[in-house]
Amino acid sequence: VEPRLAFVAQSAAQQGHAAAHHTMADLCTASPDDEDLPHVAAALALTAGMFAAAEAAAGRILERRPDDIDALRIRLRARLGDGRPEDAAGVLVEHLADNDVSEDAVRAMYALKCLGPAALPALETARATSTDAQQRLAAELVLAELHTPGSSRAMDRKAQRIFQSAVRFPAADWSPRFMW
């Protein structure tokens, strides 16, 4: 695998990230048991502006490991880069629910707050239809913040208390501002 990785690096240097992505995708096919290679392929696609390929690669990773935060970030960045903030909001709203992913609800709340009006439809739907109490509460907190700007300190305190998170706001690694 290591000589092939050197070839991927050479492809990136000589022909750009798109060529390196295609080389890495071939390497992923040749080494399906290596769980690290798909992350590199997805990241190269994202860097090359190949948003559909990046999202597809991240989706394949998430099928095997739904709690893979790096793959989730790539999926979100691909949707944002492709000009689909509403789709990114839908993914983030999923992470407001009570699940086995540590601290994702607090990070998703902050990222949804940063998305602003593009997040409103997904948040309204979650608040009205979700059967998950945590998801409804989190959606309600973010909606309150979006409708009443400036109450973020109250939102931060409530989110930290309710979800008892060690993540301090702002959770920059999920914020769309920091995803570029």
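Residues numbered from 1 in each chain as written. Predicted model: local features only at pLDDT ≥ 70, side-chain atom pairs only at ≥ 80, totals over all residues. Heavy atoms only, no water.

Novice: Account for the packing of helix α3 (residues 37-47) against helix α4 (residues 51-64), naming residues and giving values.
Specialist: Following both chains from N to C, one finds α3 and α4 inclined at 155 degrees, their axes separated by 7 Å at the closest point. Judged by the angle between their axes, α3 and α4 are roughly antiparallel. The crossing of α3 and α4 is left-handed. In this structure, α3 contributes Pro38, His39, Ala42, Ala45 and Leu46 to the contact, and α4 contributes Phe51, Ala53, Ala54, Ala57, Ala58, Ile61 and Arg64. Of the residues that constitute the contact of α3 with α4, the class distribution is ten nonpolar, one polar and one charged. (Axes fitted to C-alpha atoms, helices over the stretch in contact; angles between N-to-C directions. Helix = DSSP H or I, 4+ residues; strand = E, 2+ residues; numbered from the N terminus. Parallel < 35°, antiparallel > 145°, perpendicular 65-115°, else oblique. Left-handed = near helix turned anticlockwise from the far one by under 90°. Contact = heavy atoms within 4.5 Å. Nonpolar A, V, L, I, M, F, W, Y, C, P; charged D, E, K, R; others polar.)

Novice: Could you give an account of the layout of surface pockets, naming the residues involved and the relevant values?
Specialist: In this structure, the largest pocket occupies an estimated 220 Å³ of space. For the largest pocket, the lining is made up of 13 residues, of which Ala25, Cys28, Pro38, Arg60 and Arg64 are closest to its centre. For the lining of the largest pocket, the secondary-structure elements that each account for two or more residues are α2 (17-30), α3 and α4. If you tally residues by element for the lining of the largest pocket, the top one is α4, at five residues. Counted by class, the lining of the largest pocket contains eight nonpolar, two polar and three charged residues. (1 Å grid on protein atoms, 1.4 Å probe; cavity = no way out; pocket = protein on both sides within 12 Å on 5 of 7 lines; lining within 4 Å. Points joined across faces, edges and corners; volume = space filled by probe spheres on them.)

Novice: Explain the environment of Ala20 residue by residue, including any values.
Specialist: Relative to the helices and strands, Ala20 resides in helix α2. By relative accessible area, Ala20 is classed as buried at 0%. Measuring from C-alpha to C-alpha, the distance between Ala20 and Ala41 comes to 8.1 Å, with 21 residues separating the pair along the chain. (Buried < 20%, exposed > 50% of the residue type's maximum accessible area, 1.4 Å probe, protein only.)

Function-wise, these values are silent; they only describe arrangement.
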